[in-house]
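The lines below spell out each chain.
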Amino acid sequence: MTNIQEKINASRTSIFKAVFPNTTNHYDTLFGGTAMQLMDETAFITATRFCRQQMVTVSSDKIDFTKSIPAGTIIELDGYVTRVGTTSLKVRVDIFVEEMYTNFREKAVSGEFTFVAIDGNKKPVKII
């Protein structure tokens, strides 16, 4: 790949999941912690696909839960790199909720995660 934008485009990651009752709370909506876990996993895959190096999460920035995600829906987690530094990068993850039997779709959750590239001794290394 010849430039950073091509790498960003190639590393974009989409994961789809069905929201089943075992992932919901007493309001019959997706647990916030489960959403955050799925977002971190999507962000990790995105960061790794971008760098092809060992990556670790160092922070999760503001996560906005703007819509609840009911059981019996489909979610898409969309991860993409938003900033590249010397040893770190930021990945934004948006969760879109879709009704299973209609075309209705809307953004429900969004947040950013910061990752650092590390070597075999778990020390930060330059992103290549």
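To be clear, the structure that these remarks concern was listed above.
Described in the following lines is the structure provided in the data block.

Reading the values: rules and limits
Residues numbered from 1 in each chain as written. Predicted model: local features only at pLDDT ≥ 70, side-chain atom pairs only at ≥ 80, totals over all residues. Heavy atoms only, no water. Phe/Tyr/Trp six-rings, centres within 6.5 Å; stacked < 30°, edge-to-face > 60°. Lys NZ or Arg CZ within 6 Å of the ring centre and 35° of its normal. Core = buried A, V, L, I, M, F, W, Y, C linked by side-chain atoms within 4.5 Å. Buried < 20%, exposed > 50% of the residue type's maximum accessible area, 1.4 Å probe, protein only. Contact = heavy atoms within 4.5 Å. Salt bridge = Lys/Arg side-chain N within 4 Å of Asp/Glu carboxyl O. Helix = DSSP H or I, 4+ residues; strand = E, 2+ residues; numbered from the N terminus.

## Observations regarding the packing of aromatic side chains
Reasoning step 1: One pass over the full model with this rule turns up zero aromatic pairs.
Reasoning step 2: One residue, K7, lies across the ring of F50, its end atom 4.6 Å from the ring centre.
Reasoning step 3: One cation-aromatic arrangement involves R105 over F96; the distance from NZ or CZ to the ring centre is 4.3 Å.

## Focus on the nonpolar core
Reasoning step 1: Ranked by size, the top nonpolar core spans 28 residues in total, and within it I69, I75 and L89 carry the most contacts.
Reasoning step 2: Here L89 is in contact with A47, F50, C51, M55, R83, V84, F113, T114, F115 and I127, once residues within four sequence places are set aside.

## Description of the pattern of salt bridges
Opposite charge on two side chains makes pairing possible when the charged atoms of those side chains draw close.
Reasoning step 1: The final tally for this structure, using the stated rule, is eight salt bridges.
Reasoning step 2: Salt-bridge contacts for D78 lead to R12; the nearest nitrogen and oxygen are separated by 2.6 Å. Placement of the pair is D78 in strand β3 (residues 73-84) and R12 in the loop between α1 (4-11) and β1 (13-18), with a sequence separation of 66 residues.
Reasoning step 3: You can call D78 buried: its relative accessible area is 8%.

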